[in-house]
Amino acid sequence: MPSLQSWFSELDFPLLICGPCSVESEEQILATAQALAEITEVGLLRGGIWKPRTRPDSFEGMGEQGLAWLQKAKQVTGLPIAIEVGTPEHIETALRYEVDAFWIGARTVVNPFSVQQLADALKGTDLPVFVKNPVSPDLKLWIGAIERFRNAGLSRVAAIHRGFSYYKDTIYRNFPMWEIPIELTQKMNVPMITDISHICGHPDLLLPTAQKAIDLATDGLMIECHIHPEQALTDARQQITPDRLREMIAQLSFRSKNSSTVERDLAGLRGEIDDIDSELIQLLARRMDVSQQIGRYKKQNNVTVVQMERWKKILSDHVAAGEDLGLSPDLITEIFEAIHQASIRRQSEIMDE
Ligand code: PEP
Ligand code: MN
């Protein structure tokens, strides 16, 4: 098990931070922790004690009682423990239960007043602090939070990338925007943990997302694990069992953390291309959806599928817009002709239905 004391520079394996979204009962946290402790790669046990919930009537965590169970899980398994803190009182209480590390949640990092209060409360402890990215893709806010903890004299500050709220639906719960954590690592020289559970929101996406994070030279992964995910009181849809975690670890190819800077930079750029492609696919699907609605409307109102004048106008507008951005007329024409043909085919099918 990698020791947290040695901090990231000495780890040659990504640190795996695993455990339930929330500590719910003594049995739940003990059973989860014991199963996780048998997986050698797991280095830190996470458990939410105070949960920042979107709606007021939701389960808000077990509080101090949960800390006692988490401490017991630490004693039984030997795994160090980490929790989220949002107020100085949380820190004060947690310090009485031998908590080894803290993370600051995405909703707290958006507020510099809160971050400063937490930094002040941690002064003198020198415990590891993991700063999640703020919910919005605001690199400066993330940097500012890290600076506040460093300025308070904390020497072991790491970042956690948990994805960003996005104004459109994507396959992710929180859109990764890999270029932002990469830029943070370059600017702040800070270890980066990838919270694949909150990025993905679903177990099916965990494996490729974990592999991508590893290819981008992540220093660790945060993965929500629950002994019975279907019974979880929070984030039931994204948690996995320790058994499934073990299977996933076996499928990952870990790279040496000392891979060359060239490789790392290239991986960053490739990640950016992958994000853009995934957006392009979402956009194409949305465009096709609207085109289908038009097809149905045309059918009801007896309008022909192809309207040459409109198509010519669209194409010439797009060619002009592309040229303004340095894209060749041939490229724009080829792409939009392919898209237009696909739309016509779909609308013709609707007409024939
Ligand atoms: C969590 O880790 O359970 C959590 C609430 O995460 P975030 O702050 O990233 O939403
Ligand atoms: Mn969660």
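Before reading on, note that the structure itself is shown above.
Residues numbered from 1 in each chain as written. Chains lettered and ligands numbered in written order. Predicted model: local features only at pLDDT ≥ 70, side-chain atom pairs only at ≥ 80, totals over all residues. Heavy atoms only, no water.

Draft legend 1. Structural context of the coordination of the manganese ion (ligand 2). For the manganese ion (ligand 2), the full set of protein donor atoms is Cys21 (SG), His198 (NE2), Glu224 (OE) and Asp235 (OD), and the range of their distances to it is 2.1 to 2.4 Å. Along the chain, the residues that donate to the manganese ion (ligand 2) are spaced as C-x176-H-x25-E-x10-D. Here aspartate 235 lies in the loop between β8 (220-224) and α10 (242-251) and histidine 198 lies in helix α8 (residues 196-200), a separation of 37 residues in the sequence. Residue classification places aspartate 235 among the partly exposed positions, given a relative accessible area of 21%. (Donors = N, O, S within 2.8 Å, 3.2 Å for Na, K, Ca; no water. Helix = DSSP H or I, 4+ residues; strand = E, 2+ residues; numbered from the N terminus. Buried < 20%, exposed > 50% of the residue type's maximum accessible area, 1.4 Å probe, protein only.)

Draft legend 2. Representation of helix α9 (residues 206-215) within the structure. Of all 10 residues that make up α9, 7 are buried, and the element is covered over most of its length. Residues of α9 that are buried include every one of Leu206, Thr209, Ala210, Gln211, Lys212, Ala213 and Ile214, and no others. A positive backbone phi angle near 65° is found at alanine 217, which sits one or two residues after α9.

Draft legend 3. Spotlight on the site of ligand 1. In the vicinity of ligand 1, the residues found are Cys21, Arg46, Lys51, Glu84, Trp103, Gly105, Ala106, Arg107, Lys132, Arg162, His198 and Glu224. Take arginine 46: an N or O atom from its side chain is 2.8 Å from an oxygen atom of ligand 1. Separating an oxygen atom of ligand 1 from a side-chain N or O atom of histidine 198 is a distance of 3.3 Å. For ligand 1, whose free accessible area comes to 290 Å², the fraction covered by protein is 96%. Tallied by class, residues from the shell around ligand 1 come to 3 nonpolar, 2 polar and 7 charged. (Near = heavy atom within 4 Å. Polar contact = N/O pair within 3.5 Å; in protein donor to acceptor, adjacent residues only side chain to side chain. Areas by Shrake-Rupley, 256 points an atom, 1.4 Å probe, with all protein chains shown as cover. Nonpolar A, V, L, I, M, F, W, Y, C, P; charged D, E, K, R; others polar.)

Draft legend 4. Summary view of the sheet that holds strand β4 (residues 101-104). If you walk around this closed barrel you meet the 8 strands as β1-β2-β3-β4-β5-β6-β7-β8, and the pairing is parallel. Pairwise comparison of adjacent strand axes, ignoring direction, gives a mean angle of 25° for this sheet. (Pairing = 2+ DSSP bridges. Axes fitted to C-alpha atoms, helices over the stretch in contact; angles between N-to-C directions.)

Draft legend 5. Structural context of the pattern of salt bridges. Taken as a whole and assessed by the stated rule, the structure comprises 14 salt bridges. Its salt-bridge partner being lysine 72, residue glutamate 26 comes within 2.7 Å of it at the nearest N-O pair. With glutamate 26 in helix α1 (residues 26-37) and lysine 72 in helix α2 (residues 64-77), this residue pair connects regions lying 46 residues apart in the sequence. The class of glutamate 26 is partly exposed, set by a relative accessible area of 24%. Note that arginine 173 is salt-bridged to aspartate 235, the shortest N-O span being 3.2 Å. Here arginine 173 is found in the loop between β6 (157-161) and α7 (179-188), whereas its partner aspartate 235 is found in the loop between β8 and α10, with 62 residues between them in sequence. What emerges from the salt-bridge pattern is a single network uniting Arg346, Glu349 and Glu353. (Salt bridge = Lys/Arg side-chain N within 4 Å of Asp/Glu carboxyl O.)

Draft legend 6. Representation of the packing of aromatic side chains within the structure. Scanning the entire structure with this criterion turns up 4 aromatic pairs. A centroid spacing of 6.4 Å and a plane angle of 75° characterise the contact between tryptophan 142 and phenylalanine 164, whose relative ring orientation is edge-to-face. Placement of tryptophan 142 in helix α6 (residues 139-151) and of phenylalanine 164 in the loop between β6 and α7 is noted, with a sequence separation of 22 residues between them. Each member of the pair, tryptophan 142 as well as phenylalanine 164, is classed as buried. Look at tyrosine 166 and tyrosine 167: their rings are 5.3 Å apart centre to centre, the planes differ by 45°, and that puts the pair in the tilted class. Look at tyrosine 167 and you get exposed, because its relative accessible area is 67%. The structure contains a cluster of three or more aromatic residues connected by ring pairs, namely Tyr166, Tyr167, Tyr172 and Phe175. (Phe/Tyr/Trp six-rings, centres within 6.5 Å; stacked < 30°, edge-to-face > 60°.)

Draft legend 7. Structural context of the pairing of strand β3 (residues 81-84). Of the two faces of β3, the one lined by Ile81 and Ile83 and the one lined by Ala82 and Glu84 are each fully buried. Relative to β3, strand β2 (residues 42-46) is paired through 2 bridges, and the arrangement is parallel. Across the sheet, residue arginine 46 finds its bridge partner in β3, namely alanine 82. For the segment spanning β2, α2 and β3, crossover handedness is right-handed. Two elements, β3 and β4, share 3 bridges in a ladder whose sense is parallel. Note on β4: the bridge partner recorded for isoleucine 83 is phenylalanine 102. (Right-handed = clockwise from strand over helix to strand, strands pointing away.)

Draft legend 8. Quick peek at the environment of leucine 16. The topology assignment puts leucine 16 in strand β1 (residues 15-19). Leucine 16 sits 203 residues away from aspartate 219 along the chain, and the two C-alpha atoms are 9.0 Å apart. Filtering out sequence-adjacent residues up to four positions away, leucine 16 remains in contact with Glu41, Val42, Gly43, Leu44, Leu221 and Ile249. (Contact = heavy atoms within 4.5 Å.)

Draft legend 9. Expanded view of the side chain of glutamine 28. As for its position among the elements, glutamine 28 is in helix α1. Residue classification places glutamine 28 among the buried positions, given a relative accessible area of 6%. Reaching out from glutamine 28, the side chain makes a polar contact with the backbone nitrogen of glutamate 24 at a distance of 2.7 Å. Once residues lying within four places of it in the same chain are set aside, the contact partners of glutamine 28 are Pro20, Ser22, Val23, His226 and Ile227.

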